[in-house]
Amino acid sequence: MTKKSLLFPFLLIAFGCSHTPGIIYQNESFTWQGDTISLNDGSIKAYAPDSYTIVSNYPGAEFPEGRWTRSRDLSQYPTYTAPTRMEEALFNLALEEVSIAVEPDSTLRTGKEWSGVWTRDVSYSILLGVSHLQTQASINSLVRKVDGLGRIIQDTGTGGSWPCSTDRNIWAVAAWEIYKVTGDRDWLEYIYPIIKRSLEDDLLVSLDSHTGMFRGESSYLDWREQEYPRWMTPVDIYSSENLGTECVHYRAFSILAELESMFGTAEDAARYSAIAEGIREGVNKYLWMQDKGYYAQFLYGRSNMSASPRSETLGEALAILWCVASEQQAASICSSVPCQDYGTSCFFPNIADMPPYHNDAMWPFVQAYWMNACKKAGNSAGVMHSIATISRLAAFCLTNKENMVIYDGRWQGTAINSSRQLWSLAGNLGIVYTVLFGIDFQPEGLHFSPFVPKELSGERKLAGFRYRGAIYDITLEGYGDGIRSFTIDGLKTEPFLSADGSGHHQVRIVLNGHMDKSTVNMKDNAYSPLTPTARLQTSGTSDGVGSTSLVWDTVENAVSYRLLCNGAEVSVVQGCADGAASCSFEPVSDGEYQVIAVGENGYESFASEPVSYFGTSILQDIESGEMESGPYCGYHGEGYVDLALDRNTDISFTASVPEEGRYLIDFIYGNANGPINTENKCAIRTLYVDGTRLGAVVMPHCGSGAFDVWRLTNPLEADLSAGEHTFRIVYQPENCNMNILTNSAALDMIRLRRR
């Protein structure tokens, strides 16, 4: 007999005896009843026989024998007592895993499979409760993510890291959380210049002055093909404006405004507050979808932007938690964003021809932020759904996995995965800390806003909870969305523990027994149509005059096609001729055209790659100083300009335009210093036209050693009179990338297009 076959008789006995028999949560796929969580078909079950053990017959659980038992001393942490042993055991499992996560150098490991500190992972984890449980390791980890120039490090990523990716500023939010936990003013003095320096660079390199929002990749959704259309290059991703990343910038600038009021000037504090408000206004103007009741995923395009109407769960949650959304919007978001039985997918609808990872997946840390957002919005159904789905995955797997497949609830099938994932275990701890007990650290003390769904009603206790110089045994009684009474050592008081408290005290919280009715939008997993491929096609006529049409290939299951010009809808084509391989449309004006396929279920594809249809377009070699002729090949003319930190740091040249108007300006460049998906050598310069600063020119990686690949930079706009103009490309301090030492590219041509 194998170990597994010997285990099954024990499992059958164990699953038959439940500490609390009532059903806590049930949907069409799984049930949580007392100390047992099981699939409804009975094939997989997990059971907690005591507070330090979970038994599971899930194939692929962390422990081959199907049993987790505490192996570490957890006495440094609070002891959690709950109505069910399953709740206690999951909390203790997360405590053990957070203790294992502390490396020998006293930093926090990202996951069992992922060594080292990653900026976004550790920062999001700190905000979910790790800041209190592992304060010094959290501090050490944040310090590790500061570079030699005193800036927040953007981990390696798309096209050579920052500024293609800009969510590094979640570091600022985590650093502020450390201050709230510790009250350490010295820590504030340390983080203030780091945050200011980083955000000031973003203002010069990433701000879109038109929308008031910041450019950059989706926060944590950093596998390009998993969440963007395939045609988008790293430059296009830099130019996009994502909901979650906007919320991170909003919160970071709000924090910087507070820091500036402490250490800087009132004028700068007001300026940073205004920038934050501009982000909030931009998000609500350009991303809010009134018809859907939640925010769009991102703005994307090339020279013109449109909104992707997918929901984006982390971004929706952060918008609620940090008050980018109004109370009315928050309520709408929590009841409108599509959820599935096993959780809330990273975005919805999913992409049909992509395997699960971010696509077709639930990430427990994202579910935890969604849980907290539902709590803030008073949506108990969303809170309960989140608690149950996070708990089911951890109980089945006997560890806190990185992610899982949304349609079957398994971790197998995801592109990569890890046990003991830091932000996943932080999300599990957040169930107790941030939701049920509602622990809210503030500089002046500890506030409480507990939220216990009726299904979890009962008495729970955190004993030995250490806060600053005091120890508290906190008892929470009943259910509800508010506090009926709060006592310290038997004396009624406000739900607040002062930061200067000392000694050992008994805290008792009795809830109000009130919970508004709420719903979540449960949907079957669904997919959008595939992205159309569009092109311009010119044909002759009988009189010898050619005509140009926009042509696109038909998309399976599409019932109609939306036509965009410069990001705005200009026509709807109701399907194509039966059996036709393609459809066509005659452009009505100059601009960039895109096609969106609409499926039978009403879900939309991504917009096709923009097709340029411009009457006036100028392409000119850049001739400035000594031209290079190698190692890059395939350039135009006699050579290219080799931009580096020790040469061509300030070049000027002229170009003429035939008529007055507003022009789009971009450049053909090469950057063979790294792969598309990692490293940190994105090249950056600043463009001036006739002495006026236009903005940053971003030149991401085109591939390691790809000396024959040429791409277009991000477009900038300027009003130009007819005639000759002077263009200047210069390296400035804010153009310093994450690599610091290598910031180079080959510059071949300038392109000007009249809008």
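What counts and how
- Residues numbered from 1 in each chain as written.
- Predicted model: local features only at pLDDT ≥ 70, side-chain atom pairs only at ≥ 80, totals over all residues.
- Heavy atoms only, no water.
- Pairing = 2+ DSSP bridges.
- Helix = DSSP H or I, 4+ residues; strand = E, 2+ residues; numbered from the N terminus.
- Axes fitted to C-alpha atoms, helices over the stretch in contact; angles between N-to-C directions.
- Parallel < 35°, antiparallel > 145°, perpendicular 65-115°, else oblique.
- Left-handed = near helix turned anticlockwise from the far one by under 90°.
- Contact = heavy atoms within 4.5 Å.
- Salt bridge = Lys/Arg side-chain N within 4 Å of Asp/Glu carboxyl O.
- Expected span 1.5 Å × (residues − 1).
- Polar contact = N/O pair within 3.5 Å; in protein donor to acceptor, adjacent residues only side chain to side chain.
- Nonpolar A, V, L, I, M, F, W, Y, C, P; charged D, E, K, R; others polar.
- Phe/Tyr/Trp six-rings, centres within 6.5 Å; stacked < 30°, edge-to-face > 60°.
- Buried < 20%, exposed > 50% of the residue type's maximum accessible area, 1.4 Å probe, protein only.
- Core = buried A, V, L, I, M, F, W, Y, C linked by side-chain atoms within 4.5 Å.

**Q** Help me understand the sheet that holds strand 22 (residues 445-448) in this model?
**A** Strand pairs in the sheet, formed through backbone hydrogen bonds, run parallel or antiparallel to each other. Strand order in this open sheet of three strands is 21-22-27, and the pairing throughout is antiparallel. In this open sheet, the two edge strands, each paired with only one partner strand, are strand 21 (439-442) and strand 27 (496-498). On average, adjacent strands in this sheet sit at an angle of 20 degrees to one another, irrespective of strand direction. Pairing geometry for strand 22 and strand 27, over three bridges, is antiparallel. When the bridges of strand 27 are listed, Gly 445 appears paired with Ser 498.

**Q** So what exactly am I meant to see when it comes to the packing of helix 13 (residues 364-377) against helix 15 (residues 422-436) here?
**A** Running from N to C, helix 13 and helix 15 cross one another at 20 degrees; their axes reach a closest spacing of 7 Å. Taken together, the axis directions place helix 13 and helix 15 in an arrangement best described as roughly parallel. Here helix 13 runs over helix 15; the crossing is left-handed. Contact residues: helix 13 offers Pro 364, Phe 365, Ala 368, Met 371, Asn 372 and Lys 375, while helix 15 offers Trp 423, Ser 424, Gly 427, Gly 430, Ile 431, Thr 434 and Val 435.

**Q** For this particular structure, what's the right way to read the pattern of salt bridges?
**A** A side chain of one charge can pair with a side chain of the opposite charge when the charged atoms of the two come close. In the structure shown here, the tally under the stated rule is 36 salt bridges. Residues Asp 105 and Arg 144 are paired through a salt bridge, measuring 2.9 Å at the closest nitrogen-oxygen approach. Taken together, the positions of Asp 105 in the loop between helix 2 (85-100) and helix 3 (119-133) and Arg 144 in helix 4 (residues 135-144) put the pair 39 residues apart, joining distant regions of the chain. One network of salt bridges, in which partners are shared, links Lys 196, Glu 200, Glu 260, Asp 268 and Arg 271.

**Q** Just to check I follow, could you spell out helix 14 (residues 380-397) for this structure?
**A** Side chains that are three or four residues apart share a direction in an α-helix, a result of its 3.6 residues per turn. Taking 1.5 Å of rise per residue, 18 residues should cover 26 Å, and helix 14 covers 26 Å from first to last C-alpha, within 8% of that figure. Capping of helix 14 at its N-terminal end is provided by Asn 379; its side-chain oxygen lies 3.3 Å from the backbone amide nitrogen of Ala 381. Remark: Leu 398 follows helix 14 within two positions and exhibits a positive phi of approximately 60 degrees.

**Q** Got a minute to help me understand the packing of helix 5 (residues 170-182) against helix 9 (residues 243-263) in this structure?
**A** Pairs of packed helices are described in terms of their axes, by the angle between the two and the distance that separates them. Relative orientation of the contacting elements helix 5 and helix 9 amounts to 50 degrees, with a least axis distance of 8 Å. One element, helix 5, and the other, helix 9, form an angle in the oblique class. Crossing angle aside, the handedness with which helix 5 passes helix 9 is left-handed. Side by side, helix 5 and helix 9 meet where Ile 170, Ala 172, Val 173 and Trp 176 of the first sit next to Val 248, Arg 251, Ala 252, Ile 255, Glu 258, Leu 259 and Met 262 of the second. Here the contact of helix 5 with helix 9 is composed, by residue class, of nine nonpolar, no polar and two charged.

**Q** Just checking my understanding: could you explain the packing of aromatic side chains for this structure?
**A** Remark: the centre distance and the inter-plane angle together describe each pair of aromatic rings, the angle taken between the planes. Under the criterion given, the structure shown has 40 aromatic pairs. The interplanar angle of 75 degrees and the centroid separation of 6.2 Å between the aromatic rings of Trp 363 and Trp 423 together place this pair among those described as edge-to-face. Of this pair, Trp 363 sits in the loop between strand 19 (361-362) and helix 13 while Trp 423 sits in helix 15, and the two are 60 residues apart along the sequence. For the pair shown, Trp 363 and Trp 423 are each scored as buried. Look at Tyr 632 and Phe 707: their rings are 5.0 Å apart centre to centre, the planes differ by 75 degrees, and that puts the pair in the edge-to-face class. With Tyr 632 in the loop between strand 38 (617-621) and strand 39 (641-643) and Phe 707 in the loop between strand 43 (692-699) and strand 44 (711-712), the pair connects residues that are 75 residues apart, well separated along the chain. Tyr 632 sits in the buried class, given a relative accessible area of 7%.

**Q** Even after reading the chapter, I still don't get the nonpolar core, so can you show me in this structure?
**A** The biggest cluster of nonpolar side chains holds 170 residues, and the ones touching the most others in it are Tyr 295 and Phe 365. By size, the runner-up hydrophobic cluster in this structure holds 28 residues, among which are Ile 665, Ala 683, Ala 718 and Ala 745.

**Q** I would appreciate a short explanation of unusual backbone geometry in the present structure.
**A** Note: most peptide bonds trans; most residues except glycine with negative phi. Pro 349 follows Phe 348 through a cis peptide bond whose omega is 0 degrees. As for its placement among the helices and strands, Pro 349 is situated in the loop between strand 17 (347-348) and strand 18 (350-351). The peptide bond linking Gly 630 to Pro 631 adopts the cis configuration, its omega dihedral lying at 10 degrees. Along the chain, Pro 631 falls in the loop between strand 38 and strand 39. Its identity is not glycine, yet Ser 106 carries a phi of approximately 65 degrees, on the positive side. Turning to its location among the elements, Ser 106 is positioned in the loop between helix 2 and helix 3. Unusually for a residue other than glycine, Cys 323 sits at a positive phi of about 65 degrees. Structurally, the position occupied by Cys 323 is in the loop between helix 11 (313-321) and helix 12 (327-336).

**Q** Would you mind going over the side chain of Thr 487 with me for this structure?
**A** Following the sequence through the fold, Thr 487 ends up in strand 25 (residues 483-488). In this view, Thr 487 contacts Lys 492, Gln 506, Val 507 and Arg 508; residues no more than four positions away in its chain are not counted.

Coordinates in, geometry out; function isn't part of it.
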